[in-house]
Amino acid sequence: MSDRTVPGRPGGAPGGELGARQAALVAALVAGAPLPAGFAPGPVRAARVALLGKRADEVARHWPLLAAALGDAWWDTFREWAADRPTNGSLRDGWDLARTLRERGTLPPLGAEELVAREAGSRYDGRHPPRPRRLPAVARAGGAVAVQLAGRVRLLRPARR
């Protein structure tokens, strides 16, 4: 038996039906996919809520001003936004949420300041991981303006309160 075979599977084929069921369960837990047949909805729903809470905590650690600015609305705002999105990592999830809130016109001032500081210092297209900027850059959101020169980011103007 090679290291790529699975004991008890005809021909030792890896994955198969079990792998497909596991992938469907993970998608239901973290990406809002439908619940696969054979799983009890209650425990899966409880696990999904717990995972979203853990994910929200991780994003809040990377985006503390955004989370603080939303206050009591943080958990509901994050869970609503993340319910049908698989994670891209805590930093990117926070960045994508902040951009979504900016587009909706609901980004709070502290969140706008945190977003412009990140966007002035790094290049992020929403698909690939952020990369530090090499050239000078200016970023604006919610009235806040940040500039990056020689690798240092400065907030030139705070967001409107």
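Structure first, text after, so check above.
First, a word on scope: everything that follows refers to the structure included in this document. (Residues numbered from 1 in each chain as written. Predicted model: local features only at pLDDT ≥ 70, side-chain atom pairs only at ≥ 80, totals over all residues. Heavy atoms only, no water.)

Overview of the nonpolar core
Then, number 1: Residues Trp63, Leu66, Trp74, Phe78, Leu97, Leu107 and Leu115 are the most contacted members of the largest nonpolar core, which totals 27 residues.
Then, number 2: Every element with two or more residues in this core is listed here: α2 (41-62), α3 (64-70), α4 (74-82), α5 (90-104), α6 (109-121), β3 (137-141) and β4 (144-149).
Then, number 3: Among all residues touching Phe78, those that are not within four sequence positions of it are Leu52, Arg55, Ala56, Val59 and Leu97. (Core = buried A, V, L, I, M, F, W, Y, C linked by side-chain atoms within 4.5 Å. Buried < 20%, exposed > 50% of the residue type's maximum accessible area, 1.4 Å probe, protein only. Helix = DSSP H or I, 4+ residues; strand = E, 2+ residues; numbered from the N terminus. Contact = heavy atoms within 4.5 Å.)

Some details on the environment of Leu155
Then, number 1: Along the chain, Leu155 falls in strand β5 (residues 152-157).
Then, number 2: With a relative accessible area of 42%, Leu155 lands in the partly exposed category.
Then, number 3: In this structure the C-alpha to C-alpha distance between Leu155 and Gly16, which are 139 residues apart in sequence, comes to 53 Å.
Then, number 4: Sequence-distant contacts of Leu155, that is, excluding residues within four places in its chain, are made with Glu113, Val116, Ala144, Val145 and Ala146.

Observations concerning the packing of aromatic side chains
Then, number 1: Taken as a whole and assessed by the stated rule, the structure comprises 5 aromatic pairs.
Then, number 2: Between Trp74 and Trp75 the ring centres are 6.4 Å apart and the planes differ by 65 degrees, which places this aromatic pair in the edge-to-face class.
Then, number 3: Taken together through their ring pairs, the aromatic side chains of Trp74, Trp75, Phe78 and Trp81 make up a single cluster.
Then, number 4: The positively charged end of Arg118 is found above the aromatic ring belonging to Trp63, 4.4 Å away from the centroid. (Phe/Tyr/Trp six-rings, centres within 6.5 Å; stacked < 30°, edge-to-face > 60°. Lys NZ or Arg CZ within 6 Å of the ring centre and 35° of its normal.)

Overview of the sheet that holds β3
Strand pairing in a sheet relies on backbone hydrogen bonds, with the paired strands running either antiparallel or parallel.
Then, number 1: Strand order in the open sheet formed by 3 strands is β3-β4-β5, and the pairing between neighbours is antiparallel. Either end of the sheet is taken by a strand with one partner, and the two such strands are β3 and β5. Sheet twist, expressed as the average angle between the axes of neighbouring strands with direction ignored, equals 20 degrees.
Then, number 2: The strands that α6 touches are β3, β4 and β5; relative to β4, the one it contacts most, it runs at about 25 degrees. (Pairing = 2+ DSSP bridges. Axes fitted to C-alpha atoms, helices over the stretch in contact; angles between N-to-C directions.)

Regarding a nonpolar patch on the surface
Then, number 1: Together, Val26, Val30 and Leu51 make up a nonpolar patch on the protein surface, roughly 210 Å² of accessible area in all.
Then, number 2: As for its placement among the helices and strands, Val30 is situated in helix α1 (residues 16-30). (Patch = residues over 30% accessible without salt bridge, like charges linked within 9 Å, V, L, I, M, F, W, Y side chains within 5 Å. Areas by Shrake-Rupley, 256 points an atom, 1.4 Å probe, with all protein chains shown as cover. Salt bridge = Lys/Arg side-chain N within 4 Å of Asp/Glu carboxyl O.)

Focus on the pattern of salt bridges
Then, number 1: Under the defined criterion, the tally for this structure stands at 7 salt bridges.
Then, number 2: Where Arg99 meets Glu119, a salt bridge forms, and the shortest distance between an N and an O atom there is 2.7 Å. On the criterion of sequence distance, the pair formed by Arg99 in helix α5 and Glu119 in helix α6 is long-range, its members being 20 residues apart. The two residues Arg99 and Glu119 agree in class, both being buried.

Some words on the pairing of β5
Then, number 1: Here β4 runs beside β5; their pairing, made up of 5 bridges, is antiparallel. When the bridges of β5 are listed, Val145 appears paired with Arg157.
Then, number 2: Where β4 folds back on β5, the antiparallel hairpin that results is connected by 2 residues, among which Ala150 adopts a positive phi of roughly 55 degrees.

Taken by themselves, the reported measurements are silent on function.
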